Amino acid sequence: MGEPHAAALPPAQTVYIVLGEPPPAAEPSDDAWVPDEDHGENPFERTRTWIGDYDCPQGTTEMTFRILQVRGSRIKAVFGFHHAESGVSGKYLMRGRYDAQARTATFSPGAWLERPPNYVTVSMKGDLALDGSLFAGRIEHPECGAFRLRPAS
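Reading guide: rules and limits
Residues numbered from 1 in each chain as written. Predicted model: local features only at pLDDT ≥ 70, side-chain atom pairs only at ≥ 80, totals over all residues. Heavy atoms only, no water. Helix = DSSP H or I, 4+ residues; strand = E, 2+ residues; numbered from the N terminus. Buried < 20%, exposed > 50% of the residue type's maximum accessible area, 1.4 Å probe, protein only. Areas by Shrake-Rupley, 256 points an atom, 1.4 Å probe, with all protein chains shown as cover. Disulfide = S-S within 2.5 Å.

Caption draft 1: Just the overall build of the protein, in detail. Secondary structure summary: the protein contains zero helices and eight strands in total. Secondary structure elements of the protein occur, N-terminal to C-terminal, as β-β-β-β-β-β-β-β. Taking all 153 residues of the protein together, 28% fall into the buried category. When the accessible area of the protein is evaluated, it comes to approximately 10800 Å², of which 53% is carbon and sulfur surface.

Caption draft 2: Examining the state of the cysteines more closely. Here the structure, examined in full by the defined rule, presents one disulfide. The disulfide that involves Cys-56 links it to Cys-144, with 1.9 Å between the sulfurs. The sign of the 110° torsion about the S-S bond sets the Cys-56-Cys-144 disulfide as right-handed. Taken together, the residues Cys-56 in strand β1 (residues 49-56) and Cys-144 in the loop between β7 (135-140) and β8 (146-151) connect sequence positions 88 residues apart. In this structure Cys-56 comes out as buried when scored by relative accessible area, which is 11%. Taking relative accessible area as the criterion, Cys-144 reaches 9% and is therefore assigned buried.

In structure tokens, the structure reads:
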């Protein structure tokens, strides 16, 4: 057996790619319109206090929803309520997520900050109007109904 022989390699070739002149830039058309608002942005970053009401067994109850922190799609907030007829008030922490594609937000309850007797924390899920003028949806408890919130002025 002899020594292995290296295969002869063909000589290296240089390849040139010739590019023509780039086509002229297209003029912008009406189809290239870009909306002023980026719908990927979390609107809870801009609007920090929402006021309105919700429906539960005690009746329609005033609600204040204060945004404490926004990090991307995650939100930390305080759910505050006051039932005018009984004078009962309370508040608790909530954590939520905003889905920019669907323009919906879902919040789960956390610790009580002020707990009145015979009240429980509730989850909520709602839709945000395109112009940001309304955040409305449902209190996720079998005995509750809708909530309606508008930016505080």
